[in-house]
Amino acid sequence: MSFTIVEAFITLASHNFEQLVDFYRHLLNQEPPVYQPTVYAEFCLPGMKLGIFCPRKKRDEQENTEMTSPSSFGMALCLEVEDLEGAIAHLTHLNYPPVNNIITASHGREIYAYDPDGNWLILHERGEKG
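Just so it is clear, the structure is predicted and the values come from calculations on it, not from any experiment.

(A) How the structure looks around the packing of aromatic side chains. According to the stated counting rule, one finds 4 aromatic pairs in the structure shown. For the ring pair F17 and Y35, a centre distance of 6.4 Å and an interplane angle of 20° mean the geometry is stacked. Taken together, the residues F17 in helix α1 (residues 17-28) and Y35 in strand β2 (residues 34-36) connect sequence positions 18 residues apart. The exposure class of F17 is buried, given its relative accessible area of 3%. Geometrically, the ring pair formed by F23 and Y24 is edge-to-face, given 5.0 Å between the ring centres and 90° between the ring planes. Given a relative accessible area of 18%, Y24 falls into the buried group. In this structure an aromatic cluster arises from ring pairing among F53, Y112 and W120.

(B) Representation of unusual backbone geometry in the model. Phi angles above zero are rare outside glycine, and T38 is one such case at about 65°. Mapped onto the secondary structure, T38 falls in the loop between β2 and β3 (40-45). Residue classification places T38 among the exposed positions, given a relative accessible area of 53%.

(C) Structural view of the pairing of strand β5 (residues 74-81). Sheet analysis places strand β1 (residues 5-13) next to β5, joined by 8 bridges and oriented antiparallel. If you follow T11 over to β5, its bridge partner there is A76. The sheet contact formed by β5 and strand β8 (residues 120-126) spans 4 bridges and is parallel. Residue pairing for β8: L79 is matched across the bridge by L123.

(D) Up close: the sheet that holds β3. The mixed open sheet is built from 8 strands, whose spatial order is β2-β3-β4-β1-β5-β8-β7-β6. Taken across any chain shown, the strands that pair with only one partner, and hence form the sheet edges, are β2 and β6 (103-105). On average, each strand axis in the sheet is tilted by 30° relative to the strand beside it, whichever way the strands run. As defined by bridge partners, β6 adjoins strand β7 (residues 108-114) across 3 bridges and the pair is classed as antiparallel. The partner of I103 across the bridge, within β7, is E110.

What counts, and at which threshold
- Residues numbered from 1 in each chain as written.
- Predicted model: local features only at pLDDT ≥ 70, side-chain atom pairs only at ≥ 80, totals over all residues.
- Heavy atoms only, no water.
- Phe/Tyr/Trp six-rings, centres within 6.5 Å; stacked < 30°, edge-to-face > 60°.
- Helix = DSSP H or I, 4+ residues; strand = E, 2+ residues; numbered from the N terminus.
- Buried < 20%, exposed > 50% of the residue type's maximum accessible area, 1.4 Å probe, protein only.
- Pairing = 2+ DSSP bridges.
- Axes fitted to C-alpha atoms, helices over the stretch in contact; angles between N-to-C directions.

Here it is, written out as structure tokens:
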């Protein structure tokens with residue numbers, strides 16, 4: 001089993017979203033080319049992208065998909081994949097299945113998982129192809 005990774009980048013989750021984005025604006029001396037106020041910012045660096053986001057709240061009372069463990073904040077490896085279901089099957093085959101159902105976010109669909117050391121993984125499939 002395998003899956004195709006389209007892009008990989010580091011993400012930082014923060015409840016102090018605007019403060020963290022402002023810090024990285026000044027540190028990197030650039031505006032984020034992708035920016036959704038209070039939600040997501042992305043900086044382009046040589047050899048990588050840095051994404052900053054505010055963790056989402058549960059959408060309604062029926063679906064509680066928010067990660068609430070202390071490790072759900074901070075740094076994560078985010079992998080954009082071509083086929084989210086294929087990536088889920090691969091993780092499950094490795095005995096590290098997702099910890100949530102598929103979430104539909106503004107940028108596409110995503111799931112969360114952990115590696116053997118408990119590092120946070122976010123696998124997402126872009127919402128709009130092309």
